Amino acid sequence: MKNKKKLLMVFLRIVISFGLIGYFLFALAKKHGGLDVALKQFGDAFAGTGVAWLVPAFFLHLIGFALVSFRWKILLGAQGVETRYKQLFSYYFMAAFFNTFLPSTIGGDTIRAVESKKHTGSATTSVMVVIIERLTGLMALVLIVATGLAIKFFQGPSTQREV
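Residues numbered from 1 in each chain as written. Predicted model: local features only at pLDDT ≥ 70, side-chain atom pairs only at ≥ 80, totals over all residues. Heavy atoms only, no water.

K.L.:
What's the story with the overall build of the chain in this structure? I'm lost.
P.N.:
A count of helices and strands for the chain gives six helices and zero strands. The order of α-helices and β-strands along the chain, N terminus first, is α-α-α-α-α-α. For the chain, whose C-alpha radius of gyration is 21 Å, the value lies well above the compact-globule estimate of 15 Å for 163 residues. Along the first, second and third principal axes, the C-alpha set of the chain runs to 70 × 50 × 25 Å. Residue burial in the chain is summarised as follows: out of 163 residues, 20% are buried. Of the contacts formed within the chain by residues at least 6 apart in sequence, a portion of 49% connects residues at least 24 apart. Separation of charge centres in the chain, based on 18 positive and 7 negative side chains, amounts to 11 Å. (Helix = DSSP H or I, 4+ residues; strand = E, 2+ residues; numbered from the N terminus. Rg over C-alpha atoms; globule rule 2.2 N^0.38 Å. Buried < 20%, exposed > 50% of the residue type's maximum accessible area, 1.4 Å probe, protein only. Contact = heavy atoms within 4.5 Å. Lys, Arg positive; Asp, Glu negative; His and termini not counted. Charge placed at Lys NZ, Arg CZ, Asp CG, Glu CD.)

Here is the structure:
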């Protein structure tokens, strides 16, 4: 019975994924006067991009996912919840998919909360861990901006270049 439920969930995920991709392609085709026109514009946008930039960007993005998944694991561990890192990493990819196709990041955070509830047993704990994880990310972003502003401030106006 448990295997049937798991198989059904995988099937539903696949159907939802293809449904969202289909909707995305349909909306793209409608906006640009046909799918072939939209895909050509998409290809043209990447035509000037070199692989020398895409490959490192892909790996940096992957490293970012890995670090955020690790932070999520630490926060769950602080709540006494033991989870496998590999599982959280896969949940984060699912969340990233939904963040890409839904209008905000709420969809991805919902996926992460629902999936982590399987490990915590508590919706409240799962939601709070996702919120705290988001807030720590926000604090890190504020710290990066403050560091950049401090560096810019101490460099002074003599190092500015005209464009």
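K.L.:
I would appreciate a short explanation of the packing of aromatic side chains in the present structure.
P.N.:
Aromatic ring pairs are defined here through the distance separating the ring centres and the angle between the ring planes. Inspection of the entire model under this criterion finds eight aromatic pairs. Consider the rings of Phe65 and Phe93, whose centres lie 4.9 Å apart with planes at 85°: the pair is edge-to-face. You can see Phe65 sitting in helix α3 (residues 51-78) and its partner Phe93 sitting in helix α4 (residues 85-101), a full 28 residues away along the chain. Classification of Phe65 as buried rests on a relative accessible area of 13%. Taken together, the ring pairs connect Phe65, Tyr85, Phe89, Tyr92 and Phe93 into an aromatic cluster. (Phe/Tyr/Trp six-rings, centres within 6.5 Å; stacked < 30°, edge-to-face > 60°.)

K.L.:
Honestly, the nonpolar core in this entry has me stumped. Any pointers?
P.N.:
When a protein is soluble and globular, its nonpolar side chains tend to lie buried together. Counting nine residues, the largest nonpolar core is built from Trp72, Leu75, Leu76, Val81, Leu88, Tyr91, Ala113, Val129 and Val130. Elements with a minimum of two residues in this core: α3, α4 and α6 (123-155). Counting residues per element, this core draws most heavily on α3, which supplies three residues. Not counting chain neighbours up to four residues away, the residues in contact with Ala113 comprise Ser126, Val127 and Val130. (Core = buried A, V, L, I, M, F, W, Y, C linked by side-chain atoms within 4.5 Å.)

K.L.:
How should the packing of α3 against α4 be read in this particular structure?
P.N.:
Helix-helix packing is characterised by the crossing angle of the two axes and by the distance between the axes. The interhelical angle for the contact between α3 and α4, taken along N-to-C directions, is 120°, at an axis separation of 9 Å. As summarised for this structure, α3 and α4 are arranged oblique, according to the angle between their axes. Note that α3 runs across α4; the crossing there is right-handed. Contact with α3, carried on its side by Leu62, Phe65, Ala66, Val68, Ser69, Phe70, Trp72, Lys73 and Leu76, involves Tyr85, Leu88, Phe89, Tyr91, Tyr92, Phe93 and Ala96 of α4 and no other residues of that element. (Axes fitted to C-alpha atoms, helices over the stretch in contact; angles between N-to-C directions. Parallel < 35°, antiparallel > 145°, perpendicular 65-115°, else oblique. Left-handed = near helix turned anticlockwise from the far one by under 90°.)

K.L.:
Would you explain α3 in this entry?
P.N.:
Counting along an α-helix, one turn takes 3.6 residues, and residues three or four places apart therefore face a common direction. Here α3 is 28 residues long and its end C-alpha atoms lie 41 Å apart, about the 40 Å a rise of 1.5 Å per residue gives. Of all the positions in α3, only Phe65, Val68, Ser69, Trp72, Leu75 and Leu76 are classed as buried. Elements that come into contact with the buried residues of α3 comprise α4, α5 (106-120) and α6. Looking one or two residues beyond α3, the residue adopting positive phi is Gly80, at roughly 80°. (Expected span 1.5 Å × (residues − 1).)

By themselves, these observations are geometric and do not establish any function.
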